[in-house]
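# Structural overview for review
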Amino acid sequence: MSATTRRSLLAGAAGLTGAALATSIVIAQTASATGTGAGWLNVKDTPYGALGDDRADDAPAIQKAIDAAGQGDTVYLPPGAYRLASPLRLRLGVTLRGDWHPRSPAHTEMTASYLRPGLGTFTGEALIVVDPVPAQRSSTDPAYGGGPRLYGLALDGRDQRATTGTSIDGIRVTPGVRDLGLEKVTVWRFTGHGLHAQNAAALQLTQVHCVDNEGHGFTWGDTTGTGGGLVDADLFQCHAQGNGGHGYDILNPDAVTVVDCRSAANAHHGYHVTGVNHSMVMIGCATDGNGRDGFHLATSPGGRFLQLLGCLAGRDGRETAASLIPYSGFTVTGEAAEGVVLTGCSTTTGRGDDGTGALSPAYGLTTSALNSVSNVSVVGGEYVGTTAPFQDLGAVVVRHSGVISGTHRDTGIAWDQHDVHMISGAAGTRRDLEFWSRGKARRWALRTTDAAESGAGDGSDFALVRHADDGTVLDTPLTVSRASGRVSLTTPGLTVTASAGPGVHLVQQRPAAHGYAVTGAGKTSRAFQSKAAGDSAHRFAMEIDGTQTFGPGTGRDTSWGRLGTAQIGSADADIVVGRAGKGIKVKEGSNAKMGTVTLNGTTPVTVPTTAVTGTSRIFLTVQSPAGTPSGVAYVASRTPGTHFTVKGMAGDTSTVAWLIMEPA
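Described below are features of the structure shown in this document.

Reading the values: the criteria
- Residues numbered from 1 in each chain as written.
- Predicted model: local features only at pLDDT ≥ 70, side-chain atom pairs only at ≥ 80, totals over all residues.
- Heavy atoms only, no water.
- Patch = residues over 30% accessible without salt bridge, like charges linked within 9 Å, V, L, I, M, F, W, Y side chains within 5 Å.
- Areas by Shrake-Rupley, 256 points an atom, 1.4 Å probe, with all protein chains shown as cover.
- Salt bridge = Lys/Arg side-chain N within 4 Å of Asp/Glu carboxyl O.
- Helix = DSSP H or I, 4+ residues; strand = E, 2+ residues; numbered from the N terminus.
- Buried < 20%, exposed > 50% of the residue type's maximum accessible area, 1.4 Å probe, protein only.
- Pairing = 2+ DSSP bridges.
- Axes fitted to C-alpha atoms, helices over the stretch in contact; angles between N-to-C directions.
- Core = buried A, V, L, I, M, F, W, Y, C linked by side-chain atoms within 4.5 Å.
- Contact = heavy atoms within 4.5 Å.

To continue, consider a nonpolar patch on the surface. On the surface, a cluster of nonpolar side chains totalling about 710 Å² of accessible area is made up of Val-487, Leu-489, Leu-494, Val-496, Val-504, Leu-506 and Tyr-516. Topologically, Tyr-516 is positioned in the loop between β40 (487-489) and β41 (526-530). Here Tyr-516 falls in the exposed class, since its relative accessible area comes to 59%.

This next bit is on the sheet that holds strand β17 (residues 248-251). Judged by pairing direction, the sheet is parallel, and its 11 strands sit side by side in the order β5-β8-β10-β12-β14-β17-β20-β23-β26-β29-β32 without closing on themselves. Each edge of the open sheet is held by one strand with a lone partner, namely β5 (88-90) and β32 (388-392). Strand-to-strand twist across the sheet, computed as the mean angle between neighbouring axes with direction ignored, equals 10 degrees. As paired strands, strand β8 (residues 126-130) and strand β10 (residues 169-173) are joined by 4 bridges and run parallel to one another. Residue pairing in the sheet places Val-129 in a bridge with Arg-172 of β10.

With 80 residues, the main nonpolar core has Ile-62, Leu-96 and Ile-128 as its most contacted residues. Each residue touching Ile-128, except ones within four places of it in the same chain, is listed here: Leu-88, Leu-90, Leu-96, Leu-115, Leu-150, Leu-153, Leu-155, Gly-170, Ile-171 and Arg-172. Residues Leu-599, Ile-618, Val-656 and Trp-658 belong to the second largest nonpolar core, which totals 11 residues.

Residue pairs three or four apart in sequence face the same way in an α-helix, which turns once every 3.6 residues. Of all 10 residues that make up helix α3 (residues 59-68), 7 are buried, and the element is covered over most of its length. Within α3, the full set of buried residues consists of Ala-59, Ala-61, Ile-62, Gln-63, Ala-65, Ile-66 and Ala-68.

Glancing now at the sheet that holds strand β50 (residues 643-648). The strands making up a sheet are joined through hydrogen bonds of the backbone, oriented either antiparallel or parallel. Pairing within the open sheet is antiparallel, and its 3 strands lie in the order β47-β50-β49. Each of the sheet's edge strands pairs with one partner strand only, and the pair in question is β47 (605-608) and β49 (633-639). Averaged over all pairs of adjacent strands, the angle between their axes in this sheet comes to 30 degrees, without regard to strand direction. As paired strands, β47 and β50 are joined by 4 bridges and run antiparallel to one another. Within the sheet, the bridge partner assigned to Thr-606 lies in β50 and is Thr-645.

The subject of this paragraph is the pattern of salt bridges. A side chain of one charge can pair with a side chain of the opposite charge if their charged atoms are brought near each other. Taken as a whole and assessed by the stated rule, the structure comprises 22 salt bridges. A salt bridge links Asp-131 to Arg-89; the nearest nitrogen and oxygen atoms lie 3.0 Å apart. Separated by 42 residues along the polypeptide, Asp-131 in the loop between β8 and β9 (149-156) and Arg-89 in strand β5 bring together distant segments of the chain. Assessed through its relative accessible area of 14%, Asp-131 is described here as buried. A single salt-bridge network, built from bridges that share partners, covers Asp-54, Arg-83, Arg-116, Asp-156 and Arg-158.

Honestly, it's all geometry; don't read function into it.
Below, the structure is given as structure tokens:
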């Protein structure tokens, strides 16, 4: 059959599915192809002669077909069990195709069609090795029409699990490979990694399953952290399960998209991302029951943009109970984390599939070992851990509204009863929450200032910033010092509209502390004033010097305050005792202005007091008559600032009260 006829037949079968398509492919390969450009080459045809009988070494036959295929050709493996004693090697843009559709290999035992190592005779680093294309010989070199493709293949490593020596990978991609596609490929139970690629670029993986391998399921890089990493790659609906290392081990991702992939029951991390991350997006990816972190993102300086959208981590950290290491659904660590965003991601806790064992993970999200300019932005989602939902050791988590969190105990989940919105930034930087009018400039900003951090609570003060119509800053009406907690107002005034009393209630908890302290701009500043509804003037005012003025609401006509040194009173009002039973009380004692003295007839009796002046008005009245009371007592003399004397009549020994008052 000619190449043209063969391609025409396959094109007609393109609309068929399942067994009909497979039958059409087999019919189309009844004749052998001996050169390049033949379209489809069946490895069981002459001159290749693969048997697929699960006994003979089919590696030479399959490799012969691969070498015979030209750029764009397909080497087809009909259903069978193909034993290989040495690796298959691909370089040109040849498709190696079988009839396998990924499903759980443990359930199917791969009985339909697969490639597997020879019975104790395999020699090589991997079952399939992909090498770079040869150097370009001319501008029309067909080797540059596209890279190799693996489609519908099942790789079964069971028979080499008990052998000794170097571990064997399922698929090894050597450095320099570009434009490699894998679709509907399963790699099962190899002593090495499932898919091992170093310094490869432009990879497309669709429905690739790496299951129960002793190394990582998928790995880009090597144990020393070198090997180039993963560049320009797309992974779609891939699955890593039950591997002895990480499910996905990704080094230095650059322009990588991972969509709808899953990592379950791997011994280490579900997704292990390390090195310099230039750009990586993970969408709708999930984990379940991995031994360590579900998503372990250990970034290095120099990269940015690691974004996870709608990813779910469940029951990870199964090693926690034995190792006492608190693993998490998501961990962000390393030296830097610029641009790490988790949007709509969640963690769930649980026990083993049989409902036994410890709950895990310990934390929903952990950050650690990050520098002060890093931040991890968490937008929406639900985070649950058995110890706590968040372990923010790096103090870099930025939580946005809509994030639900809780702690799972044996008795159930204790949900946080509040919604937290966190804005995190480096020390010495401003962190703002801005309010804009749509179509206009900013109006207000809630700000953590860039005040220097110097210990004892200094730095990062809080401020409310007011903006003009054009968005420029007008002033800072309110600031709060983090060092002292003192609130400062720089507004033209403060209005409190209270619906219940008191309008302002100050509770001073420090003994001997001040309640209110007012500092005026000048001597005429006012400290306090008050009025009733409908008043045209304040009824009460207190000036900065303490002078108080009173009035009926139309003006103030009465004052009270300091009149001079050690003098207080009113310069414009009478002092009225307006209630019966009340009056004026004066303290008696040494140097007082009121007291009592006992007369000694006509002999002057001295009353020592420094309160007496040369103009003092001294009032005398008999309190207790005695001797020969005459009812007459008078001030006989005075020495200002020292004493005055009192005389009576002969024989009068009555007790007389005295009171000193000064003229105003």
